[in-house]
Amino acid sequence: MAQRPCPAVHNRKSGKTFWWLPWNGGTDGLENVAATEDVTAKGWTPPSPDGGPRPHGNRQYLGFDAAYDLIDGVPRRGSHAPAHMLVPDLAGAHDPAFEWKDFFDLDGWSPNSR
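The structure displayed is predicted, hence computed values, not measured ones.

A. Inspection of the pairing of strand S4 (residues 58-64) at higher detail. The pairing of strand S3 (residues 31-36) with S4 spans four bridges and is antiparallel. If you follow Glu31 over to S4, its bridge partner there is Tyr61. Here three bridges tie S4 to strand S6 (residues 84-86), and the two strands are oriented antiparallel to one another. From the neighbouring strand, Gly63 faces S6, where its bridge partner is Met85. Sheet topology places S4 next to strand S5 (residues 70-71); two bridges connect them, and they run antiparallel. Bridge pairing in S5 links Phe64 to Leu70. The antiparallel hairpin formed by S4 and S5 contains five residues in its connecting segment, where Tyr68 sits at a positive phi of about 65°.

Definitions and cut-offs
- Residues numbered from 1 in each chain as written.
- Predicted model: local features only at pLDDT ≥ 70, side-chain atom pairs only at ≥ 80, totals over all residues.
- Heavy atoms only, no water.
- Pairing = 2+ DSSP bridges.
- Helix = DSSP H or I, 4+ residues; strand = E, 2+ residues; numbered from the N terminus.

Remember, this is a structural readout, not a statement about activity or role.
Structure (C-alpha cells):
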C-alpha cells in the first residue's frame, strides 16, 4: 500500500483534532477518508486496509485545487495537497469531527508527514 498523507481536521469549537487516511473506493469511483488514531502518537502505524481502528468511521471526500477544480483521486505521498476539501456526506449536527457541510481549506502541511 502506498504511503499517503494524513489530513487532520481541527475543530476550533471543541479544540479536538481528527486524523483521516485517504483511500480510493475502487470501482465505485469515490474517494474516501477513514478516521484513524492520532498519527502523532508514539508507535502509531497505519491500520490495515482491511480493518483497524476507525474511531469516527469513513466519509466520502472530494479534493480541489486552489481554483476549485476537482482533483480526481486521493492524495498520495509526493503529490500536491488539495487546497480545499469537501466532505459531502456528513453525519449531521452531532458529528464530532464535522459540525456542518462546508469546504475545508488547507491551513498548513508538513513535508515530513508520514
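Next comes the rest of the write-up.
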